[in-house]
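Coordinates in review
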There are 2 protein chains.
Amino acid sequence: MTATTTLVILGASGDLARGKLVPSLFNLYCKRRLPDGIQVVGLSRTPYSDDAYRDMSWQDVSAHPHLKARESDWRGFAANLHYVSGNVGGSGGLDALARRLAEFEAGSTGANRVFYLALAPQLYEPAVTAIETAGLHEGAGGYRRLVIEKPFGWDLDSARAINAALHRVFSEDEVFRIDHYLGKETVQNILVFRFANAIFEPIWNRNYVDSVQITVAEKVGVGDRSFYYDRSGVTRDMVQNHLLQLLAMVAMEPPSSADPETLRNKKVEVLKAIRRYDSREAIRNSAAGQYEGYVDGDGVQPDSNTATFIASRHFIDNWRWQGVPFYLRTGKAMARKVSEIVIQFRTAPHTMFTLPPGQWLQPNVLALCVQPDEGARLRFEVKTPDEEMAIQPVDMEFEYRAAFPDRMIPEAYERLLQDALEGDASLFIRNDQIEEAWRVVDPMIAGWEGADAPRVELYRRGSWGPQVSERLIASTGHRWLQVCGTHADIRASQLAAPGGRR
Amino acid sequence: MTATTTLVILGASGDLARGKLVPSLFNLYCKRRLPDGIQVVGLSRTPYSDDAYRDMSWQDVSAHPHLKARESDWRGFAANLHYVSGNVGGSGGLDALARRLAEFEAGSTGANRVFYLALAPQLYEPAVTAIETAGLHEGAGGYRRLVIEKPFGWDLDSARAINAALHRVFSEDEVFRIDHYLGKETVQNILVFRFANAIFEPIWNRNYVDSVQITVAEKVGVGDRSFYYDRSGVTRDMVQNHLLQLLAMVAMEPPSSADPETLRNKKVEVLKAIRRYDSREAIRNSAAGQYEGYVDGDGVQPDSNTATFIASRHFIDNWRWQGVPFYLRTGKAMARKVSEIVIQFRTAPHTMFTLPPGQWLQPNVLALCVQPDEGARLRFEVKTPDEEMAIQPVDMEFEYRAAFPDRMIPEAYERLLQDALEGDASLFIRNDQIEEAWRVVDPMIAGWEGADAPRVELYRRGSWGPQVSERLIASTGHRWLQVCGTHADIRASQLAAPGGRR
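Residues numbered from 1 in each chain as written. Chains lettered and ligands numbered in written order. Predicted model: local features only at pLDDT ≥ 70, side-chain atom pairs only at ≥ 80, totals over all residues. Heavy atoms only, no water.

1. Here's the deal with the overall build of chain A
The number of helices and strands found in chain A is 15 helices and 16 strands. Here the C-alpha atoms of chain A give a radius of gyration of 24 Å, agreeing with the 23 Å that 2.2 N^0.38 yields for 502 residues. Along the first, second and third principal axes, the C-alpha set of chain A runs to 80 × 55 × 40 Å. When each of the 502 residues of chain A is scored for burial, the buried share is 59%. Look at the contacts in chain A between residues 6 or more apart in sequence, and 76% of them connect residues 24 or more apart. Counting only carbon and sulfur atoms, one obtains 50% of the accessible surface of chain A, whose full area is about 19200 Å². When the 57 positive and 64 negative side-chain charges of chain A are each reduced to one mean point, those points stand 2 Å apart. (Helix = DSSP H or I, 4+ residues; strand = E, 2+ residues; numbered from the N terminus. Rg over C-alpha atoms; globule rule 2.2 N^0.38 Å. Buried < 20%, exposed > 50% of the residue type's maximum accessible area, 1.4 Å probe, protein only. Contact = heavy atoms within 4.5 Å. Areas by Shrake-Rupley, 256 points an atom, 1.4 Å probe, with all protein chains shown as cover. Lys, Arg positive; Asp, Glu negative; His and termini not counted. Charge placed at Lys NZ, Arg CZ, Asp CG, Glu CD.)

In structure tokens:
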């Protein structure tokens, strides 16, 4: 007699469930990382037999680019994969699920249930209500967990309403909010980089850091999400979650332990310290763009002023970061797919070298490369060979894939599903993190969506965004840097000239 | 009418002149870096005609592995290459040279003369006397310079005697003492690395640095230098000059300018701050070895106790470095040819991560790779991919040759000859540097050459030296690291366990 663990995927016929969750679960199974005797139940409105669902899932798994799916493994996994039809919006919509769970749990010493809402956000509240109505949130022994995905609301008020709704049925420590960025190896590595190495922390502050840039650029446009996207925009879609999470990890104080609450307290602290703008200040400290052709998408208003690109400048009002600009930028239809964090250090306080006229020392730059070329780069000055005294920047490089050729960097969802099943909430977002993040972006949204909002500037597909983005960062003496995954001549994409100091 | 510049190479038929000096001068000529109208005069006892000397030199130049010698360039260079027979030991030995110089200088507005003593050290004093006797040290207008090579004496007293002899004829600012190590690009780059980058200096001190290792290992044995070597030994041959020069560049305070006197003052300061041992302390802080088969060399005493390997531990008694051990090691017939400086940092003061049992954080290591794989490496901790929380060290790498594929890293002598001709003494050793370096090594030599000196320990050719070397460094809690030019598994050649702290 043991405890039963059941993972229910609500929204089993959707892209997330089929493209990410089932393949990740299968991979965890192959690595023997799933709890013993776990049952996985897919649920959606469409009726399928267990076998039809298994066949469909096998096809999804075998088509997955990063999986070497073996049929023998699959048979073991599929034996515990089930399907139940249900409708979270209808009355008694989860009754069939309740009966199936009762079968699994009959005679077990405890019944653990994890509900993964792979659903459209407007179904979060109905789903939680349906779980409650069917009595699935209570039972003898075992834990209940609810896993949900961004977007966590529309603004601070709606986020609070959602949190309140979740908390009617689940306590905060039962809620696992996924920002899948946090499941990425290289995002987790930010903490290791900062706090397992002794040499970075001493210079990780306003005395040595000149500015920080966080770029999350996508090459694709909004694609078939255009209807949703036009009502959401880039700030809600990317800044409120991914970019502010990255910022928190870069800027946070050292936690005393990796205990989830300690870690998340430190993140909330730094989010709280981000300077609050009113909507006019938010406009002045940001630059919005829309790629050409965006309005041709299905469901997009022909005169849409929705931003598909945004750059913003933030300040963190604490001892460590006072006066250091944090520049964020993210957009669709940009030149490259790249996510990177660039720490630009101050230049040496004094130049002992006599440099040729027109040359000056360049600042050190540290880049943490999140994707797609995971790794790190340190830009530093060296003597140009065979010149009496010429100095130029070069990059010291580390590439994750080259260093670990035998280890596949896993899908973020693998780690997150495993953590949710193990109850480790470190990589999940706590309600106060959500709310603080909304407090930061609400004025930006208000500024750019208000009645007297400026027009967003059009930018060419495949560019680095609109011209206003360059002017925004230039106005505080900097330039956008793109360091990761490129071996272009460093001089060519040069840094800010001295004098352009904060 | 212009000034005449003549470079006289005394010892023109020797290995240094033929293998290094003439090829380097020719290369400078091809790069248009020689002074206009320079005359180069080779001098040795053997009589040659100018043409015979030119033919011999052309053969040397074309055989030079790093030169793409073109005959058309050669003709231009050779037109100003001359030969004079002379004997610095004989009376009137430089009379022919004096006549030749008078021809060159006839009617010129000033006569610059550079004397390069490519001679055995015991001929330095006779050569200077011969120059004086022939009246070549004085003349109307122009400068006189004397270039000499290590060894600069035998101990502090003999070094002082040599300096006194030189100073009878040349003032200190006319004397250019070559430690060819300082002409190497990557040695010059140590200063650029430290003082053109803002991020290293803040952690370049006892608060963050745990220990420093400097290794200069040679794969070859003493070869045909065995007679000389047996009377000299590794400490005079390598430590007194190369290793202490590297130490000075790593440990010096930031100079306010690259002005030669400022720079050399800073080097002398740090050499002066090296803790002085008596001969017993020197023995206790060093480990000497002799490779197997060394005594079979020509002219080696059969019971020779000459060290071909020495490792030593030093402390620098100043605010920056108090308590930080500096480990030096150098030897012949070792596993690899490699020169590197390894800065081992202290480990992070606190580990927020829960590591698997038996694992601990490894310290950061920065390696400056001097030769043969010029570059830099930074060893730092990253998350092991696809593990919940495992951390392991990896290297961020920079390779000079990969970064500058089109630029040949020049022969050290090129730079040094050019500097001597231009009068830039930055890379040359001032008399007080020599004397301070002897003060450091004299007790080591006294200890290992004294009547009650311990026997040096034999070591296998192709090893990393004797076992006592490992014990020496282990006694202060460290291990020898070899970081440059190797991609071996980092875990395998692991660092010291924690607890082994100073």
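Next comes the rest of the write-up.
2. Side note on unusual backbone geometry
A cis amide bond links A:Q371 with the next residue in sequence, A:P372, at an omega value of 0°. Structurally, A:P372 is set in the loop between strand 12 (365-371) and strand 13 (375-383). That bond from B:K150 to B:P151 is cis: its omega, 5°, falls within 30 degrees of zero. Take B:P151: it is sitting in the loop between strand 5 (144-149) and helix 6 (156-169). Non-glycine residue B:R32 carries a positive phi angle of around 60°.

3. Here's the deal with the relation of the copies chain B and chain A
The transformation that overlays chain B on chain A combines an axial shift of 0.0 Å with a rotation of 180°, and the residual RMSD is 0.0 Å. With respect to symmetry, the two chain copies, as superposed, fit the operation of a two-fold axis. Interface overlap between copies is the fraction of interface residues in one copy that are interface residues in the other; for chain B against chain A it reaches 100%, indicating a shared surface. (Least-squares fit on C-alpha atoms with pLDDT ≥ 70 in both.)

4. Description of the confidence of the model for chain A
Residues and elements named next belong to chain A. Looking at chain A as a whole, the pLDDT averages 92, with 96% of positions reaching at least 70. Contacts for the low-pLDDT stretch residues 491-502, under 50 throughout, to residues beyond four places or in other chains number 32 contacts. We note a pTM of 0.92 for the whole complex and an ipTM of 0.90 for its interfaces. (pLDDT = per-residue confidence, 0-100.)

5. Here's the deal with the side chain of A:R430
Residues and elements named next belong to chain A. You can see R430 is positioned in the loop between strand 15 (428-429) and helix 14 (431-449). According to the relative accessible area criterion, R430 is buried, its value standing at 8%. Setting aside residues up to four positions removed in sequence, R430 forms contacts with E172, R177, E261, R264, N265 and V268.

6. Some remarks on the packing of helix 1 (residues 15-30) of chain A against helix 2 (residues 50-63) of chain A
All names here are of chain A. Axis separation between helix 1 and helix 2 bottoms out at 9 Å; the angle between their running directions is 90°. Relative to helix 2, the element helix 1 is oriented roughly perpendicular. Of the residues in helix 2, those in contact with R18, V22, P23 and F26 of helix 1 are Y53, M56, S57, D60 and V61. When the residues that make up the contact of helix 1 with helix 2 are grouped by side-chain class, the tally is six nonpolar, one polar and two charged. (Axes fitted to C-alpha atoms, helices over the stretch in contact; angles between N-to-C directions. Parallel < 35°, antiparallel > 145°, perpendicular 65-115°, else oblique. Nonpolar A, V, L, I, M, F, W, Y, C, P; charged D, E, K, R; others polar.)

7. Some points on the environment of A:Y181
Residues and elements named next belong to chain A. With respect to the helices and strands, the residue Y181 is situated in the loop between strand 6 (175-178) and helix 7 (185-195). Between the C-alpha atoms of Y181 and S312, which are 131 residues apart in sequence, the distance is 20 Å. When near neighbours in sequence (up to four residues on either side) are disregarded, Y181 contacts V187, V216, H242, L246, S339, V370 and Q371.

8. What about the interface of chain B and chain A?
A common measure of how large an interface is: the accessible area buried when the components associate. Every contact between the two is made by 65 residues of chain B and, on the other side, 66 residues of chain A. Summed over both partners, the interface of chain B with chain A comes to about 5300 Å²; 63% of that surface belongs to carbon and sulfur atoms. The three residues of chain B that bury the most area against chain A are B:I199, B:M352 and B:D386, which together make up 14% of that side's buried surface. The interface formed by chain B and chain A holds eight salt bridges in total. Across the pair B:R407 and A:E387 runs a salt bridge whose closest N-O atoms are separated by 3.1 Å. Connecting chain B to chain A are 29 residue pairs in polar contact (both at pLDDT 80 or more). Mapped by element, the contributors of at least two residues to the side of chain B that touches chain A are helix 7 (185-195), strand 13 (375-383), strand 14 (391-399), helix 12 (400-403) and helix 13 (412-422) of chain B. (Buried area = accessible area lost by both parts, 1.4 Å probe. Salt bridge = Lys/Arg side-chain N within 4 Å of Asp/Glu carboxyl O. Polar contact = N/O pair within 3.5 Å; in protein donor to acceptor, adjacent residues only side chain to side chain.)

9. Describing the pattern of salt bridges
Tallied over the entire structure, the rule returns 73 salt bridges over all chains. A salt bridge links A:K31 to B:D386, with the shortest nitrogen-to-oxygen separation between them at 2.7 Å. Remark: B:D386 occurs in the loop between strand 13 and strand 14 and A:K31 occurs in the loop between helix 1 and strand 2 (38-44); the pair is interchain, linking two chains. On the basis of relative accessible area, A:K31 is assigned to the partly exposed category, the value being 28%. The closest approach of N and O atoms between B:D237 and B:K150, which form a salt bridge, is 3.4 Å. Residue B:D237 is located in helix 9 (residues 234-251), and its partner B:K150 is located in the loop between strand 5 and helix 6; the two are separated by 87 residues in the primary sequence. Owing to a relative accessible area of 2%, B:D237 belongs among the buried residues under this scheme. Linked by salt bridges that have partners in common, B:D50, B:D51, B:R54, B:R100 and B:E103 make up one network.

10. Notes on the side chain of B:T186
All names here are of chain B. With respect to the helices and strands, the residue T186 is situated in helix 7. Accessibility expressed as a relative area gives 8% for T186, which makes it buried. The contact partners of T186, leaving out residues within four places of it in the chain, are C369, V370, E374, G375 and Y400.

11. Points about the pairing of strand 10 (residues 326-331) of chain B
All names here are of chain B. Extensive coverage of strand 10 is indicated by the burial of six of its six residues. Burial along strand 10 is two-sided: F326, L328 and T330 facing one way and Y327, R329 and G331 facing the other are all buried. Where strand 7 (residues 209-217) lies against strand 10, six bridges are found, and the strand directions are parallel. Pairing of I214 across the sheet is with L328, part of strand 10. Bridge count for strand 9 (residues 309-314) against strand 10 is six bridges, and the pairing is antiparallel. Bridge pairing links R313 to Y327 in strand 10. (Pairing = 2+ DSSP bridges.)

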